[in-house]
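Chain and residue survey
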Amino acid sequence: MKYKVKLTRRQFLKGTAAAGVLLGAGGGRVLVKKALADNRAREVKFVRTTCSPNCTSACGIKAMVVDGQIKALFPTNDYPDPEYNPRGCLRGISFINLIYGPDRLKGPRIKEGGRGLKGKFRDVSWEEALDYTARRLKEIAEKYGPESIGVSFQVGGTGYVHKGAMVALATLAGWTLHHAYDLNGDLPMFWPQTFGVQTEELEPLEWVNSRYTAIFGSNVMVTRLIDSDLLLESKKRGGKVVVFDPNYSPTAAKADEFYRIKVSSDAALALGIARIIVEEKLYDEPFIKTYTDLPLLVRLDNGKRLKAADVAGLALPAGVSPYRDVFVAYNGKFLAVNPEKLEMPLDVALEGEYTVTLKNGQTVKVKPIFQLLKESLKVYTPEFVERETGVKAEDVVKIAREMATIKPLHIIYGASNYQWYHGDLKGRALALIVVLTGNLGKPGAGISTYAGQYRIRLKVNKWWFPEGKKAKWYPWLYILHGPTENMVAPKPKNGIKALIFGWHNPFDQHNMANRLREMVEKGELEFVVAIDFQNSTSCQWSDVVLPGVTWYEKTELTATPVHPYLQLQQPAIKPLYNCKPELWIFRELAKRINPEFEKHFFPGLDPDKAAEKAIELMLATGGPTVAGITLEQLKKGPVRLKLGTPGNRQIMFYEQIVEKKPFPPESLPVPLEKTAQFVKSGRIEFYKDEDIFLKLGEQLPVYKPPFEESEYALDPSSKGKYQFAFITRNSLYRVHSTHSNNIWMEELHNNKPKVFLNPKDAETKGIKEGDLVEVYNSRGKVKGYAVLDPGIGEKVIVFEQGWWSRYLKETSYNSLTYPFIKPTHEVYFVPGVWSPNTAWNECLCDVRKVGES
Ligand SMILES: Nc1nc2c(c(=O)[nH]1)N[C@H]1C(S)=C(S)[C@@H](COP(=O)(O)OP(=O)(O)OC[C@H]3O[C@@H](n4cnc5c(=O)[nH]c(N)nc54)[C@H](O)[C@@H]3O)O[C@H]1N2
Ligand SMILES: Nc1nc2c(c(=O)[nH]1)N[C@H]1C(S)=C(S)[C@@H](COP(=O)(O)OP(=O)(O)OC[C@H]3O[C@@H](n4cnc5c(=O)[nH]c(N)nc54)[C@H](O)[C@@H]3O)O[C@H]1N2
Ligand SMILES: [Mo]
């Protein structure tokens, strides 16, 4: 929505009164004053665009532009669902401080005289920067193979066009892509393991329909700020909100009940709840028989699910896809269970032990998975749960009965909670509660993990992967960790020798940021290229910096899973300084790498026109969620994705539960056969029988305490030495490291990185409020000012992630973390769907005072 008006000075003054309030602090005030300095009639326009950092909210924002300069940013209220109006937060409307801020990059730069922080940047022309970059990349490709060039970019939903240009060039050139989803730690692995999908979720409009919302480690009031009123609305409508967290978070403060839970003990609690549901027969029997693997039989001789093809005298159903498998259930006779249909006779056995004769004449004992589950749940008594989690035994019983009977139940399983080594086990255990009680496929019901702007909402393949070419992918963690015994992801022959990144600040934000720095200093990474609009820590560590533009300076397409709208970013101003939209940058680079590549990037068109072409291509080939949506429509405002549910609401697994289509639904852009192999039964699977699950005793969801298979296995001497869990939750004042340097945001939290700890722990350590403290382990350290907060769990250090190193005396808070790789994440490799996930919080540390406040 763009319109222009000519205003007289008087009219303009009236109009800016409101903006003046918004621009009361910082750089904005200067701009307004300048604008008022003379009497000319001004050109004022309002441009509707979308704020799209990776905070997931993707709020519409209206930019007020006066004579080609943004003077103020406003929240929008143009969503067809009035409940989503207005959208936009203080971070978003103060983005003006970044657009025109002192850290804004002004032109391309090449580093000379050393690597990392040792070299000095020289400002160069685009011609020189692009020629130089292309030459270096070609040299590296020749020496080590094109796959030795790694490309890292933030999740696609924050902008399909410009990231698509980057992916397309990497695909054409044979470079290696690193998927942001597992790198971020935003790939909750229980999803592919249990449901065969990347992720699913309820949209916040559905929160109001839940009658019981159980939040396991998600700080909705901060990290879903803009939608959090809908959580409160669910309370007003009689819903109950219960928070489980080691820390009394802002979300806990709004809950009806808060249970302080020991770190990473959620699976013990979830399985304790599941035990009560099973023992007291509070489960939804028809539901679990119809949709889950719980009635399927498991062989007791080898722990594998019984395959119909192995059973004597069992006819196999016809038309079964090669990526599915036919398993067996029992109802007086053995039944071959068709994985293409969610059907099961309701007299099928959930319990008992049976003997079956195989085709080879062997007889083996078998049990339904439900029976095995029931047996394995026996240890999770309320007393055991109390010991492991700190939640009182009588509360465990109360919570279980309520969760089983108050419907719809919605579990929110947050990022900080699954960003632990056993995050997958916790998720499988939590999913069990939801599924046992039949809380799926219905309004207000399910389990959601809101993390980043993750899911790809339309088919992007034509733009991202030109000519049907296959991209090469390599999980980021292997670069830091090195190859493992179980890995199935193909390793680039000579490793990664060059790194190109955009929309990322890896030298602060990626795991082992100090290792990455060392790789630059030692020359293991021979060449690093940054594409950003501001001079982040990572730009400073790079060899070439190519200045991109903010979303106020280009045309882009975004979609978030949280409020399911397709939205445009429309340029409010021309690219500032000598900055260029990324589509232009990659087109120029493409033509220098190989002139043949240029044709994919709409040569000859200006970057906004080219971006529109890319959007039209994606809309035309994007599949059912965007069918019929046009660019013209999008220019007018947000358009809801087409979800195929009643009322077009985002209700997870609606097709599976209501229309009885087999699991999984498609996880774009991956073809179904790739993800359907994760749940071969076509059902919700709680039993995993791939060898590594059996070897680790994780065939069913179990509880395993933190640190045993990670920190203590890596370094047994760390046990006892480092007793604090280092939890790096998200900050209200930033989106990751974006807004680190936003003067309004800085002011709101005194410009000070903080270390939150419990007063009892502080006393033991001789730390007082405001002291400068150092949090450290054998890998690294970070400094901050102590905040003594009784809300923080004992033996927990909370450090809000995202600070640029310049605010941390040049250390990186990610120098403490370690890239642990869990073998169950390595059974398959499908980028962004089944891949080793980063476990930020699986990190032990200690704390000491290093100075007064
Ligand atoms: N303001 C703001 N919003 C954001 C972001 C941002 O940077 N800033 N980032 C966005 C992105 S990309 C993401 S991934 C999401 C993440 O958002 P969330 O999922 O909300 O994650 P966090 O804020 O990291 O942590 C949530 C809570 O998990 C708790 N927790 C930690 N460990 C455990 C545990 O073992 N068990 C339990 N029960 N709780 C635990 C922490 O104490 C914390 O209160 O936020 C998104 N929204
Ligand atoms: N220890 C620890 N580490 C963590 C986390 C944690 O909880 N603990 N959280 C993790 C999670 S969940 C996530 S999602 C990641 C996020 O980590 P990153 O993906 O690195 O996110 P940001 O730090 O916000 O960096 C984004 C960069 O993109 C730039 N940018 C913004 N818009 C544009 C644009 O249009 N073009 C270009 N070229 N650049 C642009 C911004 O200026 C910024 O420098 O961090 C992870 N790191
Ligand atoms: Mo994230």
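Residues numbered from 1 in each chain as written. Chains lettered and ligands numbered in written order. Predicted model: local features only at pLDDT ≥ 70, side-chain atom pairs only at ≥ 80, totals over all residues. Heavy atoms only, no water.

As recorded in an unreviewed UniProt entry, the protein chain goes by the name Probable respiratory nitrate reductase alpha subunit, listed as coming from Carboxydothermus hydrogenoformans. UniProt annotates the protein chain under Cofactor (unreviewed entry) with the comment "[4Fe-4S] cluster". Among the UniProt annotations of the protein chain, the heading Sequence similarities (unreviewed entry) holds the following wording: "Belongs to the prokaryotic molybdopterin-containing oxidoreductase family." (UniProt positions renumbered as here; feature names shortened; annotations may be inferred.)

1. Considerations on helix α16 (residues 393–405)
Given a rise of 1.5 Å per residue, 13 residues ought to cover 18 Å, and the 19 Å separating the end C-alpha atoms of α16 matches this to within 8%. Buried within α16 are the following residues: Ala393, Val396, Val397, Ile399, Ala400, Glu402, Met403 and Ala404. (Helix = DSSP H or I, 4+ residues; strand = E, 2+ residues; numbered from the N terminus. Expected span 1.5 Å × (residues − 1). Buried < 20%, exposed > 50% of the residue type's maximum accessible area, 1.4 Å probe, protein only.)

2. Points about the site of ligand 2
Around ligand 2 sit 28 residues, and of these Gln154, Asp532, Glu582, Ser737 and Thr738 come closest. Take Ile531: an N or O atom from its main chain is 3.0 Å from a nitrogen atom of ligand 2. In this structure, Thr728 approaches ligand 2 through a side-chain N or O atom, which is 2.8 Å from a nitrogen atom. When isolated, ligand 2 has an accessible area of 920 Å², and the protein chains bury 96% of it. Residue composition of the shell around ligand 2, grouped by class: eight nonpolar, 16 polar and four charged. (Near = heavy atom within 4 Å. Polar contact = N/O pair within 3.5 Å; in protein donor to acceptor, adjacent residues only side chain to side chain. Areas by Shrake-Rupley, 256 points an atom, 1.4 Å probe, with all protein chains shown as cover. Nonpolar A, V, L, I, M, F, W, Y, C, P; charged D, E, K, R; others polar.)

3. A word on the packing of aromatic side chains
Aromatic ring pairs: the centre-centre distance and the angle between the two ring planes describe each pair. Counted by the stated rule, this structure contains 46 aromatic pairs. Ring centres of Trp126 and Trp584 lie 5.1 Å apart, and the angle between their planes is 80°; this geometry places the pair in the edge-to-face category. In this pair, Trp126 is assigned in helix α5 (residues 126–144) and Trp584 in helix α24 (residues 582–593), connecting sequence segments 458 residues apart. Here Trp126 and Trp584 have matching classes, each one buried. (Phe/Tyr/Trp six-rings, centres within 6.5 Å; stacked < 30°, edge-to-face > 60°.)

4. A few points about the site of ligand 1
Every one of the 36 residues lining ligand 1 counts as a neighbour, but Asp245, Asp266, Ala415, Ser416 and Arg734 are closest to it. Contact between ligand 1 and Ser264: an oxygen atom at 2.8 Å from a main-chain N or O atom of the residue. Measuring from an oxygen atom of ligand 1, one finds a side-chain N or O atom of Ser416 at 2.7 Å. If ligand 1 stood free it would expose 920 Å²; the protein chains cover 99% of that surface. If you list the elements that add at least two residues to the shell around ligand 1, you get α9 (220–223), β10 (240–245) and α17 (415–418). Sort the elements by how many residues they give to the shell around ligand 1 and α17 lands first, with three residues.

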